[in-house]
Amino acid sequence: MKNYAESVNQIQKSIIQKLDKGHNIVLIGDNSSGKSDILKKIVQEYLERKEQIYYIDAVNRKFDITKVTFSARVFMSVNRGYGNYLKNGGVDFCKEEFMQDVLNIRLDQEHFNIQDSFAFHCAEQLYHPVQKEVEQMCKEFMNIDFKISRGYTTDLGIGNTVVLVNGNEVMLSNGYQALVRIFTELLYVQKYARENEIDRVVVIIDEVDKYLSPFYTAKIFPYLQEQFPQFIWCLTTHSKDLLKYASNFTLCPLVQEADGNVEYEFITSESDLGEKQIERIFSDLFFEEERAKTSSNNEIDNQLRRFLNLKLSEAWDNGCEQEFSEIPYEELEQHQKLLYRQIKEW
């Protein structure tokens, strides 16, 4: 029987196998199911392998417009003084050393799942180089004319930084901050990949739907896939809406048992992952009372279904073989015996 650490290691390895083959992964599970630990181990593994990975933590959603710069000269002077990746008096954000700092700091104990970070800087400093692209994405995704600019006063000239939506000055809501932050960082990764001639980037976003309305949650994953086709995605979510309207992904539900072991399976969106199945999966994951009422017969059904999905998704390993061999075949119902034989003969 596996413990929590062994489960997390096994799941991380299985997910990396999928990502290496170009599969997009969506992880779902309760707050105690191990999602964050799995994501951290995935990032660490890719860093050790020196393969391109990018990670946006759930806490990386703020966007402080007062930190946005408005010219290359100001942009360079604000960043003066960081010697590891200087270029023409400012920071070269596309140097490998800078990318390493972004990821390493996000993984350290002071920041991981706790505090917003962007290396020794702030992500708002990325906005000026990608301003036009962010404005275009806001137009396409939210159907708004979005602009961050300096306000003006008659007495002092340049005033405070303001956000304009369709020409009107507004406060930047949490939802808009989250989207602008994600768009800005992804455009940075795209620019980094192009300048360093990198064809493939695995991008991990924890709680991609955080602060988003159900409408934008349903749209976000298909839109990101369309905008950044060179990225391979690994996302987490607590939203049924994201799953119902997405395609071309493999779902990985996680359930932590009382003994600490984390159960998982892979379900491809091309299989029968319809609205009813999504509702059932969420009911099983998030409503303990309903799970407690599940009969032992249904538990065996679920176990066999998980084994079948592991076989179909080519995630079968020696641990699965051992667990499968422990199922008492003679005690199964007829429909379960049929499924058992199909799994064994696959």
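Conventions adopted
Residues numbered from 1 in each chain as written. Predicted model: local features only at pLDDT ≥ 70, side-chain atom pairs only at ≥ 80, totals over all residues. Heavy atoms only, no water. Buried < 20%, exposed > 50% of the residue type's maximum accessible area, 1.4 Å probe, protein only. Helix = DSSP H or I, 4+ residues; strand = E, 2+ residues; numbered from the N terminus. Pairing = 2+ DSSP bridges. Right-handed = clockwise from strand over helix to strand, strands pointing away. Phe/Tyr/Trp six-rings, centres within 6.5 Å; stacked < 30°, edge-to-face > 60°. Lys NZ or Arg CZ within 6 Å of the ring centre and 35° of its normal. Axes fitted to C-alpha atoms, helices over the stretch in contact; angles between N-to-C directions. Left-handed = near helix turned anticlockwise from the far one by under 90°. Contact = heavy atoms within 4.5 Å. Expected span 1.5 Å × (residues − 1). Arc of directions from axis to C-beta. Salt bridge = Lys/Arg side-chain N within 4 Å of Asp/Glu carboxyl O. Parallel < 35°, antiparallel > 145°, perpendicular 65-115°, else oblique. Nonpolar A, V, L, I, M, F, W, Y, C, P; charged D, E, K, R; others polar. Polar contact = N/O pair within 3.5 Å; in protein donor to acceptor, adjacent residues only side chain to side chain. 1 Å grid on protein atoms, 1.4 Å probe; cavity = no way out; pocket = protein on both sides within 12 Å on 5 of 7 lines; lining within 4 Å. Points joined across faces, edges and corners; volume = space filled by probe spheres on them.

Draft legend 1. Structural view of the pairing of strand 8 (residues 201-205). For strand 8, the tally of buried residues reaches five of five residues, placing the bulk of the element in the interior. Of the two faces of strand 8, the one lined by Val-201, Val-203 and Ile-205 and the one lined by Val-202 and Ile-204 are each fully buried. Note: strand 2 (residues 53-56) against strand 8, four bridges, orientation parallel. Paired with Tyr-54 across the bridge in strand 8 is Val-203. Strand direction decides the pairing type here: strand 8 and strand 9 (residues 231-236), joined by five bridges, are parallel. The residue of strand 9 that forms the bridge with Ile-205 is Leu-235. On the question of chirality, the crossover connecting strand 8 to the parallel strand 9 by way of helix 7 (residues 214-227) is right-handed.

Draft legend 2. Focus on the packing of aromatic side chains. By the definition in use, this model includes 25 aromatic pairs. Here the aromatic rings of Phe-324 and Tyr-340 are separated by 4.4 Å at their centres, their planes lie at 20 degrees, and the arrangement is stacked. Taken together, the positions of Phe-324 in helix 12 (residues 318-325) and Tyr-340 in helix 13 (residues 334-345) put the pair 16 residues apart, joining distant regions of the chain. Owing to a relative accessible area of 9%, Tyr-340 belongs among the buried residues under this scheme. Taken together through their ring pairs, the aromatic side chains of Tyr-54, Phe-93, Phe-98, Phe-118, Tyr-188 and Tyr-192 make up a single cluster. The ring of Phe-266 carries the charged tip of Lys-18 above its face, separated from the ring centre by 5.2 Å. For the cation-ring pair, Arg-306 lies above Phe-307, with the distance from its terminal atom to the ring centre recorded as 4.9 Å.

Draft legend 3. Geometry of the packing of helix 2 (residues 35-49) against helix 4 (residues 96-107). It is at 11 Å that the axes of helix 2 and helix 4 come closest, and there the two elements cross at 145 degrees. Helix-helix and strand crossings are classified by hand; for helix 2 and helix 4 the assignment is left-handed. Residues Lys-40, Val-43, Gln-44 and Leu-47 of helix 2 form the contact with helix 4, whose participating residues are Gln-100, Leu-103, Asn-104 and Leu-107.

Draft legend 4. Looking closely at helix 5 (residues 131-142). End to end, helix 5 covers 16 Å across twelve residues, agreeing with the expected 16 Å (1.5 Å per residue, within 8%). Those residues of helix 5 that fall on the buried side of the exposure criterion are Gln-131, Val-134, Glu-135, Met-137, Cys-138, Phe-141 and Met-142. Within helix 5, the buried residues cover an arc of 160 degrees as seen down the axis, which keeps them to one side. Where helix 5 terminates, the next one or two residues include Asn-143, which has phi positive at roughly 60 degrees.

Draft legend 5. Looking closely at the pattern of salt bridges. Per the counting criterion, the structure on display carries 16 salt bridges. Note that Arg-305 and Glu-265 form a salt bridge whose closest N and O atoms lie 3.7 Å from each other. Taken together, the residues span a long stretch of sequence, with Arg-305 in helix 11 (residues 296-312) and Glu-265 in the loop between strand 11 (262-264) and strand 12 (267-268) at a distance of 40 residues. Taking relative accessible area as the criterion, Glu-265 reaches 10% and is therefore assigned buried.

Draft legend 6. Representation of the packing of helix 4 against helix 6 (residues 174-195) within the structure. In the contact formed by helix 4 and helix 6, the axes pass within 11 Å of each other and the chain directions differ by 140 degrees. Accordingly, the angle class assigned to the pair helix 4 and helix 6 is oblique. With respect to the hand of their crossing, helix 4 and helix 6 are arranged in left-handed fashion. Contact residues: Glu-96, Phe-98, Met-99 and Arg-106 in helix 4; Arg-181, Glu-185, Tyr-188 and Tyr-192 in helix 6. Its residues placed into classes, the contact of helix 4 with helix 6 shows four nonpolar, no polar and four charged.

Draft legend 7. Quick peek at the side chain of Asn-261. Note that Asn-261 resides in the loop between strand 10 (250-256) and strand 11. Within the structure, Asn-261 has its side chain in polar contact with the side chain of Ser-7 (distance 2.4 Å). If sequence neighbours within four positions are ignored, Asn-261 has contacts with Lys-2, Asn-3, Tyr-4, Ser-7, Val-255 and Gln-256.

Draft legend 8. Spotlight on empty space enclosed by the protein. Across all of its chains, the model carries two cavities of 30 Å³ or more by this definition. Volume-wise, the largest cavity comes out at about 60 Å³. Every residue lining the largest cavity is listed: Lys-2, Ser-7, Gln-10, Ile-11, Asn-261, Val-262, Glu-263, Tyr-264, Arg-306, Cys-320 and Glu-323. Secondary structure elements with two or more residues in the lining of the largest cavity: helix 1 (4-20), strand 11 and helix 12. Of the residues in the lining of the largest cavity, the class split is four nonpolar, three polar and four charged. Estimates place the volume of the second largest cavity at around 40 Å³. Lining the second largest cavity are Ser-14, Gln-17, Lys-18, Lys-21, Phe-266, Ser-313, Glu-314 and Ala-315. Looking at side-chain class alone, the lining of the second largest cavity contains two nonpolar, three polar and three charged residues.

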